[in-house]
Amino acid sequence: MTNPWACRIHRAKGECGTPDGRGITLPATGPLAGWDQVTVRRRILTMSKTKPKTKTTPNTEPNTEPNINRTAAAATAAALALTVLTALPAAAASREGDHLTWTACEGKTDPRQQCATLTVPLDYADPHGEQITLAISRIPAARPGLRHGVLLTIPGGPGGSGLDVPTSAAKRLPQSVLDRYDLVGFDPRGVGRSTPVSCGLDTPDLAMVKLRPWPAADGSIDENLATARRVAETCARNGGPVLRSISTRNEARDIDRIRQDLGERRLSAWGTSYGTYAGAVYATMFPGHTDRIVLDSNDDPDPSRVERGWLANFGQGAEDRFPDFAKWAADPRNPDRVADTPEEVRPLFLDLAARLDRTPLPWPGANPAELNGNVLRETMLESLYADAKFPDLARLMLAGLGRRPLPTPVAPPEQAVQNTIAVSVGTLCNDVTWPTDPAAYTKDVAADRAARPLTAGMPVNVMPCAFWPFAPAEPPVRVTDRGPANILLAQNLRDPATPYRGALNLRRAFGDRARTVTVDSGGHDVYVANGNPCGDAVVTDFLVTGRRPADDISCPAG
């Protein structure tokens, strides 16, 4: 019997034209190729209505009862409708009518920012069943006469809030973009002001040195195994059905519901970090609904690993990026200088981490309440995200060396941390199956500690997903070159979290659908983030005009 997921997993190999498991047959070629089965069903059912005046509300699924005897005429009509739709220019295909009620937003936001909520199915296989809410926001285009459409910002994480991104983005984006787009943000499923989730973890388990599995000083992972099991069991027990519904596939479906409720036939998007994978999955599942897609700081889409690979990539990312910190930390003009030459910084860091492994320093108010080697390593990893964070690591190193007092600990609200962790665990564990053998993790950690001492084996260590009691409901999406050529990847050469080689893999997966602008810079985030005029100009021109570079582009530093 043909694997019902084969058409989704192996589309590039032509293993389509098989039932998708819910009564719809997905073709290997033509306008429906690459479409998510929920969307295909909606299009076929809509086009096959016998009463032309019958309408369905944009946020309600039509009848989705399986029927493998859909007529060829209905499928052909749907295909023709999609062909015409994707051929329309953006101005002609942009809006069908906004179906949301917009009100003032809570908190300190741009006064132009408006907020609304919409409902989506908890389970898209049961579209009329239990519903949950998504919180969304927008800043309307500054010049309605130039309006091109919506630019949806897809937040990172997984677990990051995007509701107030329009406010922050409006301060950085060029006026030519603000003139032409409604900036739209949202809290993804389970996050923030959308229907939220929480694991209810104990406070010690909220420490980043617990959540990222830093091995013990001697390389043992016994405590990591215990923590991973405890977090998995607690989240599975307390997270409820919303946490179990969280996945990148469902985020893509939620994004398409946002598109519908905004009244847009096609959607432009700007995804950052994890948002690049969510954006890539959306562009794969709903290619005909995409307009101009910018993916910034790109995750490796390898469907056999996805999130497992992203964690492992921190090892290479830290090695790529640390020399930038070393150069900064040895600059004679730097008030937080830690060494005389860049070459001295790395051994100084490693020696200090080892010393703090043996003899931690008390740090009242921190979680944990001490400065140990893994706290220093975790601070290193977080500080490499942006040059502006370099002082955090330098000052902690100086404190560890006895040359400065320890800084006052700063922690985000525990409720927000609980929420972020729950969504992150749900996404990581529901997207892909993780290895479960402790001996294999022990072996991998030992090898990685030797190869990449900066990260000490953490990137290949055990996560809660090794003990997750629920198998993924669907396989990871295989990103392919099927769809419109409307994607621009933006990537720093020395990104600690999403290394350059992962972006190359995403570029290969998209084929001619994508182009890449690579910037000779370090840190995480590219567009209007690191002051590179070449990279910013390429992305801005694409968003404003729709013109993609003819070839991949490399931008020099500065």
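These numbers were taken from a predicted model, which means no experiment stands behind them.

K.L.:
Could you clarify how one ought to interpret the side chain of Arg 138 in this entry?
P.N.:
Mapped onto the elements, Arg 138 comes out in strand E3 (residues 131-139). Only 2.6 Å separates the side chain of Arg 138 from the side chain of Gln 114, close enough to count as a polar contact.

K.L.:
I would appreciate a short explanation of the confidence of the model for the protein chain in the present structure.
P.N.:
Detailed reading of the predicted coordinates is not advisable wherever pLDDT is low. When pLDDT is averaged along the protein chain, the result is 86; 83% of the residues meet or exceed 70. Counting contacts from residues 1-94, a segment whose pLDDT is below 50, to residues more than four positions away or on other chains yields 150 contacts.

K.L.:
I keep staring at the packing of aromatic side chains and nothing clicks. Help me out?
P.N.:
Ring pairs (aromatic) are described by centroid distance and by the angle formed between their planes. Following the criterion strictly, the structure yields ten aromatic pairs and no others. Aromatic pair Phe 322 and Phe 349: ring centres 5.7 Å apart, planes at 55°, arrangement tilted. Here Phe 349 lies in helix H13 (residues 342-358) and Phe 322 lies in helix H12 (residues 307-329), a separation of 27 residues in the sequence. Just as Phe 322 is buried, Phe 349 falls in that class too. Grouped by ring-pair contacts, the aromatic residues Phe 322, Phe 325, Trp 328, Phe 349 and Phe 390 constitute a single cluster. Note that Arg 212 overlies the ring of Phe 314, its terminal NZ or CZ placed 5.0 Å from the centroid.

K.L.:
What am I meant to see in the pairing of strand E6 (residues 267-272) here?
P.N.:
Successive residues of a regular strand alternate their side chains across the two faces of the sheet. Across the six residues that make up E6, a large majority, six, are buried. Of the two faces of E6, the one lined by Leu 267, Ala 269 and Gly 271 and the one lined by Ser 268, Trp 270 and Thr 272 are each fully buried. Both strand E4 (residues 149-154) and E6 contribute to a ladder of four bridges, which runs parallel. Bridged to Leu 152 within E6 is Ala 269. With helix H11 (residues 274-285) bridging E6 and the parallel strand E7 (residues 290-296), this β-α-β connection has right-handed handedness.

Reading the values: rules and limits
Residues numbered from 1 in each chain as written. Predicted model: local features only at pLDDT ≥ 70, side-chain atom pairs only at ≥ 80, totals over all residues. Heavy atoms only, no water. Helix = DSSP H or I, 4+ residues; strand = E, 2+ residues; numbered from the N terminus. Polar contact = N/O pair within 3.5 Å; in protein donor to acceptor, adjacent residues only side chain to side chain. pLDDT = per-residue confidence, 0-100. Contact = heavy atoms within 4.5 Å. Phe/Tyr/Trp six-rings, centres within 6.5 Å; stacked < 30°, edge-to-face > 60°. Buried < 20%, exposed > 50% of the residue type's maximum accessible area, 1.4 Å probe, protein only. Lys NZ or Arg CZ within 6 Å of the ring centre and 35° of its normal. Pairing = 2+ DSSP bridges. Right-handed = clockwise from strand over helix to strand, strands pointing away.

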